[in-house]
Each structure stands twice: as structure tokens, then as C-alpha cells.
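# Descriptive structure summary
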Amino acid sequence: MDVDIAESVRMTNRRVKLYDLNDDGEWDDKGTGYIEVVPTTAAGGDNDYLVVRSEENNQELLRTKVLALDQYTRQGESIVTWDEETEGQAVGTFALSFQHREGLKEFWDHLTGEGRPAPPQEEQYILDLPTMNNIGCLAKALSTLPFCNRERAAAECMSEAFVTRLVNIFSTCEDCGARTELTYLYQLVKSMFLLCQAPLIVRLLRDDVYKDVFGILEYDDGLCESKRILHRQFLAGTVEYKEPVKIEDAKLKERIHMNYRLMYLKDCALPRVLDDGAFACLSQIIFSNTDIILKELQASTSFLDLLFEQMAKDDQCLSFVRELFAVSRTMIAINRPSILDSMGQRGLLPVLYSRLSVKATTEASRMVRNAAMDILQVALTHHVAMVRKHVADEAAESGRSPFLAMLIQLLTDEDCGIQGQAADGLRLFVDTSPGAQGCSGAKDALYDSGLFDDLVAPLKNSVNDADERDLNCRQLICEIVAMCVSQCATRVRPLAQRNALIQRVCKVAASTSNKPLILATIRFFRACLASGCEWFARGLVQQEVFKVLIRIFDGNQRFARGNLVQSALLDLLEFVQRTNVSFVAEHLCTVHAADLEKYRSRYETVDKLFQKHEENKEFKARSKPEASGSSGKRSPGKTSDDEGEAAYFEGDDDAAQADPSPAPVEESQGQAAPQPQLGGLLAGYQDDDENEAEQQKKPESPTKNETMSVDPSADGEPPGDSADADGRHARKKARTDDHPGVAADAAGAKPAENEEL
């Protein structure tokens, strides 16, 4: 097993891509493979060969003699080039691009002679075998060893003679109580780990020597004796290896033990002395080992079948799956869903439902629920499409998803940690951002089966600031609903109208002093404005939400430097000003003008809001004369916007959807039927095409021979508009006389009886 890990790391460093320079001066890709320097037994000269073998079929892509150092050129930290010659004639130019710069360093060491092994007859060792007298010198030599000699030193330390002597010396020193020699041993073993050689690290943690190695690490001279960790006692007594399902593969079981020792070494035994290189080396070994373990477990169908068969009656299996999912986070992202799919196909989600739907009454049951919630959170985070598919299948089968209902119910759990995890899961579930999978059926299960009503039901009750669980629940619900509104406003609108959602959230904001809950309500109101659905924006005005928000803003002015609530409310006002939600700006600058005017000089955002309102008024005043020619007369004190808003919020949505055609309106005597007004940011303004058509219809101004006399009181026209009315009646009469087929202007009034031409 240790050979496999070491070889995996070594081959990764020696992975290269071979290029050949063609006649056109361009580099041709000859393939990807692994480089090695192969020594030969021929006498005389440097007879080593540079060989590149293909990673696909192990065939040789290149075999050439190792040249002198000056024949090679380094480009950056991962590329080397050289010219190939035969009998003094250049036959080609080659380049090697290494995957890791460490591979190029190893290759360059061979070229310089620092890493190339000497001939067997002249072989010399860098390190002597350890003895009681030289262990201090060995520790010092390893700590000052040049980088180019690390691999040779690691190979010598891995020898059986070196390891055996090291273990024997430790036993002798510990029996004799030789503190100085034990300190030297600690420094020696520490330096061996800091060589950053994977084969050596794995060798020191094998079953036959790992206890002695951790025993040596107990004598850390940088810590006082009272703070030293007894590693052997912890590994032998405290750590308990549990095997809920028997693993038949002995090699796999040994690899699992090795991985635990590596993690313990990195996190507990040597975290204080590890440098960046050693930490990265240990992390790479653990990553490679974990990936192998997970792939072998996933490939064992008999193991997985037995695991889920026992999971229904053994909670230890559930804990095992949680640990399995925890380490799966370190896998490559593209490989992670495969193991989740293997679990999901064997009924993982129904098992989680059976554990989470039962209320915890004991400490053991609480631990089981926590384990199930951790598994569900990993599944939602890394493979939410699997959960969405399960929910959609349940909803298609029975009309309502019990699993999703259980997840919503967990928002009211007594454990605030469970509440937070359930909220995170629901946010991932309702996320409909681009690239999300399986959203259609999942949205139907949430919005069409009454589960949204269950989600917002806790907002009906009065707020109790003393109940932390209730405050946390309301905060999470407001954040989830805000996300639903921002991503799917059209489907949430009828549900929000049925549940009086805006009114409930407004009452929550008005009746609490809890800052996180107030911020959650502000985020909901901002989502309503940003949703693009006018119903939500007008609902904020209708339910007097801004009155509550301004009162909250006033209550937070005692903080001289401001706080997060003030910043959130100012951000809300800035959004209204920046996006120019005209009717909301008008509502704020007229109804609440007195409350906001006092902050105009202090906050630039408030001043810009008033400026935007003035710009809107000027624009409306400029466009009013153009629109007056086609607008009918209305009853005093009531505008078209008021009528449209009242009908919009007081009318029956279901009836409006059932019969979208407008009802006929009878014209009253003396005036035309009022035209329906479009809501939204462009309410009250004519369309550009209509303005152009109106301009084209208007005839030339009356000639000097035409005379007009109209009694303004006949039609109830305001005195100031009599001249305009006379002109319109005259032009209308002229058009009607010249063209009998042309109908009267729908927006104009009937001519008076005494009208003369």
C-alpha cells in the first residue's frame, strides 16, 4: 500500500508533455507520458538514457542519451528544451513541459550530477547508521541537508537497517531514561518528516514501527513536560476503530488505518513544526489515499448493499456514512456526485427521512438526528439535483412531498443548529440560478402543493423576543421567502396574497427589537422591490411598510457612527432612487416627507431620493400637455392611478385571470369612457407610438376665417381649459364635415349646442 502511494506521488511529479519543433517553426505535440532516467552498464562516459513513456500504452515516445548540462535550456519553472544531434549534425529540437515544477527540479538534479546515483563500485552514503553516539550529529546533518540530496537521504532512511537501529535505540534510551538522547531522536525523526519524501513518510507510519515513531515524537523539546501529548496512549486507548460493516479487503483496511495516522500526524503530532512544503506533502498523500479508499468502497457493491441493509436497524452505519460523506468533500468535484448517486439509488433519502422525522428525546437520538442532518446537508450542497428529483417523484406520486414537508418542519425544531442546517438546505433547494438541475418539478412540489403555506405559517404568531428559537425561526423564514420572491416572483405572488405575506412580515418588523430579525425583514422588502413584479412594490405602499421602516430608522439614530440596520435601510432607499421606482419614491417624498426631510442634510442617499422625486415631477409636468389631448374627464379628487391601484389590490385575482377581457363601459353624457391605465413605472404616460399617431391626426391650425365660441360651462370644463376645448371642438367639427366616415375623437368632449364655425 505504501509503495502505491509513494509511486503515485512520484509519477505525478514526472508527468510531462513532449514537443518537437517542425520545419515551420511550430511545436508539434508528441503526446503525454512519464519521464525517467535509465542508467546503463556500458563502460565509460555518461551513458544514462532519457526515456519518455506514453501514459496510454506505455510505449516509448522518446529515448535519447543524457547530454551535457550546457546542452539544455530551462524556460520558466516547468519547461526544458534541447537540440538533438547525431555526429555533430542537428536532427531536431525537443521540449519537455512538466506538470509540476518539482519534476523539473528532480530532472535538473540528474543533469547537474547532484541527484544522479554514483556507480555501484563508488557508492557512498550521505548518512551513517544511527548509534547512541551519533544521533545528535545525524539530526543536525538532516536539518541542514541540501535540497538536491533529500531523495538520496530519504532512501537511506527507509532502509531496514536504519529503521531497525532507530527503533532499538529509542527503546534503550526510554528504558534508561536518557533525556538528552531522546531529544536528539525527536529532532532526527522530525527532520526525516521534513524531508517531504512521501515514501519515507509512509514507511515511518507502517504497522510495525508507527507506535515507536509516535513515541519518539512525545519528547518534543519545544514543549514543557506538562504540555506534551502522549500520542501512544491516545492512539492505543482513546481512539476506537469501529467497523459497522465488515471490510473484507485487508489492503483497503490497512489503507484506512494509514490515512488516520497521516491525519493525526498533520493535525496533532507535528502541526507546530511543519513548514509549507511538509504540510503540502502530507496533504497530497492524504488526498491521494482518500480518493483511493472512496473509489474502492464505491466499487464494492456487496459492501454498499450490506451497509444499507443494516442501516435501518443500526445507527452506527449512519455514523459511518456521515464520516464517508465528510471525507468525500476532499474528492475531485467531478467525481463527488458518483458516490452520492450510489448511495441515493440504494435509498439514502428515505433513511434520512425516517431519522429526521422523529423528535429527539434522548442524547443518543439527538446524535442520530445530527448525523442524518449532516448527511443531508452534504447531499444538498454537492448534489442537490438528486434531492430535487426525489422530491419531484414524491410530489408526482402523491401530490405532496413528505420529505420536503419534513425539511420545512425542521425550521421550527428546538435545536437552533438543526434550524440553520435546514434553512441552508432549503436555500439550496429553491435556488433556480442558471445551471441548477431539476428545478421544474421541485418548484411545483413547493408552490403547488400547499407547502409554501406551511413555510410561512410561523409568521402568523406574535413575536416573543425572549424565545431565541422563535426569533431564529422567523429570521430564517424571512430569508428563505426573500429568496423565493427574488427568483420566482410570479409563482409566489398568489401565495403571498393568500397568506397576507407582506402584512405579516411588516408586523414582525414592527413588533421586535431583535436586530438579526429586523435585518431579515429588510432583506425581504428589498427583494420585493427588486423582484420586477409591481404587485409586491405596491403592496409595500399599501401596507404602510415604509412607516414601520422609518420608525425603525429613527430608533437607531442614537448610534453616532451608525449600525447595520441603518445601512440596510439606506441601501433600500438608494435602491428606490437608483432604479427609479416612481410611485414608491413619490410615496416616500410626499407621505413621509416630514420624517425624511430631517435626514436630508445628513445622508446623501435621502437627498438624492428627493432630487429624483423632483425630476419625476418635472418630467410628468412636461408630458402632461401632450397627454391631456387624449385623456377623458374624470371625477374631481380621484385620478386614474388611484382607481387602478384600488382595483388592483381590492379586486378578485381569480376572477381577473378567468376573464381577462375588459368589461364594457357605458359613456356618460358629455364625456367619453375613461381608458384603462397601465400600472408600473410608466403609469400615466402615453406610449411613443400613440403620441406620434395623435400628432399625425391633428389638422392644421384654424384659418383666420374660422370663428369659435363655446360656453365652457356646458360641458363642465374648467374655465382655464376653455380655449383648448374650443380648439378641439372646432377641429373635430371640421374633420367630421369633410370626412363623414371619421369618428369623433374618443378623448374629446361633445360640441356645445351654440358652437359656430
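Residues numbered from 1 in each chain as written. Predicted model: local features only at pLDDT ≥ 70, side-chain atom pairs only at ≥ 80, totals over all residues. Heavy atoms only, no water.

### A short note on the overall build of the chain
Helix and strand content of the chain: 36 helices and seven strands. Burial analysis of the chain (757 residues in total) assigns 42% to the buried set. In the chain, 64% of the contacts between residues at least 6 apart in sequence involve partners at least 24 apart. By element, 49% of the accessible surface of the chain is carried by carbon and sulfur atoms, the whole surface being about 40,400 Å². (Helix = DSSP H or I, 4+ residues; strand = E, 2+ residues; numbered from the N terminus. Buried < 20%, exposed > 50% of the residue type's maximum accessible area, 1.4 Å probe, protein only. Contact = heavy atoms within 4.5 Å. Areas by Shrake-Rupley, 256 points an atom, 1.4 Å probe, with all protein chains shown as cover.)

### Examining empty space enclosed by the protein
Summed over the entire model, instances satisfying the criterion amount to two cavities of 30 Å³ or more. In this model, the largest cavity occupies a volume close to 100 Å³. Every residue lining the largest cavity is listed: Phe546, Leu549, Ile550, Phe553, Leu569, Leu572, Leu573, Leu588 and Leu596. The element contributing the most residues to the lining of the largest cavity is helix α27 (residues 545–555), with four residues. Split into classes, the residues belonging to the lining of the largest cavity amount to nine nonpolar, no polar and no charged. (1 Å grid on protein atoms, 1.4 Å probe; cavity = no way out; pocket = protein on both sides within 12 Å on 5 of 7 lines; lining within 4 Å. Points joined across faces, edges and corners; volume = space filled by probe spheres on them. Nonpolar A, V, L, I, M, F, W, Y, C, P; charged D, E, K, R; others polar.)

### Remarks on the pattern of salt bridges
By the definition in use, this model includes 37 salt bridges. With a shortest N-O distance of 3.0 Å, arginine 366 and glutamate 363 are connected by a salt bridge. Here arginine 366 pairs with glutamate 363, and both are found in helix α16 (residues 363–382), just three residues apart, close to one helical turn. Since its relative accessible area comes to 34%, arginine 366 is described here as partly exposed. Among the charged side chains, a salt-bridge network with shared partners connects Glu36, Arg53, Glu60 and Arg63. (Salt bridge = Lys/Arg side-chain N within 4 Å of Asp/Glu carboxyl O.)

### Structural notes on helix α3 (residues 135–143)
Turning to α3, its buried residues are Ile135, Leu138, Ala139 and Leu142. Along the axis of α3, the buried positions cluster into a sector of 100 degrees, meaning they face one direction only. Among the exposed residues of α3, those oriented more than 90 degrees off its buried face are Cys137 and Lys140. (Arc of directions from axis to C-beta.)

### What about the packing of helix α17 (residues 384–398) against helix α19 (residues 416–430)?
Contact pair α17 / α19: the axes reach a minimum separation of 10 Å and the direction vectors enclose 80 degrees. Compared by their axis directions, α17 and α19 come out roughly perpendicular. Mapping the contact onto sequence places Val384, Arg388 and Val391 in α17 and Leu428, Phe429 and Val430 in α19. The residue makeup of the contact of α17 with α19, split by class, is five nonpolar, no polar and one charged. (Axes fitted to C-alpha atoms, helices over the stretch in contact; angles between N-to-C directions. Parallel < 35°, antiparallel > 145°, perpendicular 65-115°, else oblique.)

### Some remarks on the nonpolar core
With 128 residues, the main nonpolar core has Phe452, Phe524 and Phe536 as its most contacted residues. Ranked by residues supplied to this core, first place goes to helix α22 (residues 468–487) with eleven residues. Counting 49 residues, the second-largest nonpolar core is a separate cluster that includes Leu142, Leu194, Val213 and Ile285. (Core = buried A, V, L, I, M, F, W, Y, C linked by side-chain atoms within 4.5 Å.)

### Quick notes on unusual backbone geometry
A positive phi angle, close to 60 degrees, is found at cysteine 196, a residue other than glycine. Positive phi, close to 55 degrees, is recorded for asparagine 580, a residue that is not glycine. Among the structural elements, asparagine 580 can be located in the loop between α28 (564–579) and α29 (582–590).

### As for the packing of aromatic side chains
Scanning the entire structure with this criterion turns up 13 aromatic pairs. Considering the side-chain rings of tyrosine 210 and phenylalanine 214, the 6.4 Å spacing of their centres and the 80 degrees angle between planes classify their relative orientation as edge-to-face. Taken as a pair, tyrosine 210 and phenylalanine 214 lie in helix α8 (residues 210–216) at a separation of four residues, close to a single helical turn. Overall, tyrosine 210 belongs to the buried group, its relative accessible area being 14%. (Phe/Tyr/Trp six-rings, centres within 6.5 Å; stacked < 30°, edge-to-face > 60°.)

### A few points about the pairing of strand β4 (residues 60–65)
Relative to β4, strand β3 (residues 49–54) runs antiparallel, the two being bridged by five bridges. Each bridged residue has a counterpart across the sheet, and for leucine 50 the counterpart in β4 is threonine 64. (Pairing = 2+ DSSP bridges.)

### Describing the packing of helix α5 (residues 160–176) against helix α6 (residues 179–193)
It is at 10 Å that the axes of α5 and α6 come closest, and there the two elements cross at 150 degrees. Between α5 and α6, the interaxial angle falls into the category roughly antiparallel. Crossing of α5 over α6 shows left-handed handedness. Where α5 abuts α6, its residues Phe162, Leu166, Ile169, Phe170, Cys173 and Glu174 lie against Glu181, Leu182, Leu185, Leu188, Val189 and Met192. Grouping the constituent residues of the contact of α5 with α6 by class yields ten nonpolar, no polar and two charged. (Left-handed = near helix turned anticlockwise from the far one by under 90°.)

### A short note on the side chain of arginine 504
With respect to the element layout, arginine 504 can be found in helix α24 (residues 501–510). Within the buried set, arginine 504 has no salt-bridge partner at all; the shortest N-O distance to an opposite charge, 7.4 Å, is to aspartate 453. Residues in contact with arginine 504, not counting those within four places in the same chain, are Val456, Ala457, Leu459, Lys460 and Asn499. (Lys, Arg positive; Asp, Glu negative; His and termini not counted.)

### Some details on α16
Between its first and last C-alpha atoms α16 spans 29 Å; for 20 residues at 1.5 Å apiece the expected length is 28 Å, and the two agree. Tucked inside the fold, the buried residues of α16 contact α13 (315–328), α15 (348–356), α17, α18 (402–409) and α19. (Expected span 1.5 Å × (residues − 1).)

### Side note on the state of the cysteines
The full count for this structure, using the stated rule, is zero disulfides. Free cysteine cysteine 484: the closest other cysteine sulfur is in cysteine 488, separated by 8.1 Å. (Disulfide = S-S within 2.5 Å.)

### Topic: the side chain of glutamate 394
As for its placement among the helices and strands, glutamate 394 is situated in helix α17. Glutamate 394 has contacts with Gly399, Arg400, Ser401, Pro402 and Phe403, leaving out every residue within four places of it along the chain.

### Here we look at a nonpolar patch on the surface
A cluster of nonpolar side chains, contributed by Phe287, Ile332 and Ile334, occupies part of the molecular surface with about 310 Å² of accessible area. On the secondary structure map, phenylalanine 287 appears in helix α11 (residues 276–299). (Patch = residues over 30% accessible without salt bridge, like charges linked within 9 Å, V, L, I, M, F, W, Y side chains within 5 Å.)

### Here we look at the environment of isoleucine 35
Relative to the assigned elements, isoleucine 35 resides in strand β2 (residues 27–38). Among the residues examined, isoleucine 35 registers a relative accessible area of 6% and is labelled buried. Spatially, the C-alpha atoms of isoleucine 35 and leucine 50 are 7.2 Å apart, while their sequence positions differ by 15 residues.

### Some details on the confidence of the model for the chain
Averaged over every residue, the pLDDT of the chain is 78; the share at 70 or more is 75%. Least confident of the elements in the chain is helix α35 (residues 712–715), whose mean pLDDT is 36; most confident is helix α25 (residues 515–530), at 94. With pLDDT under 50 throughout, residues 114–122 is counted as low confidence; its partners more than four residues away or in other chains account for 14 contacts. The low-confidence segment residues 631–757, where pLDDT is below 50, has 105 contacts with residues more than four positions distant or belonging to other chains. (pLDDT = per-residue confidence, 0-100.)

### Thoughts on the environment of arginine 469
Here arginine 469 lies in helix α22. We classify arginine 469 as partly exposed; its relative accessible area is 28%. Taking the C-alpha atoms as reference, arginine 469 lies 6.2 Å from cysteine 416; in sequence the two are 53 residues apart. Apart from residues no more than four positions distant in its own chain, arginine 469 is found in contact with Thr412, Asp413, Glu414, Cys416 and Gln419.

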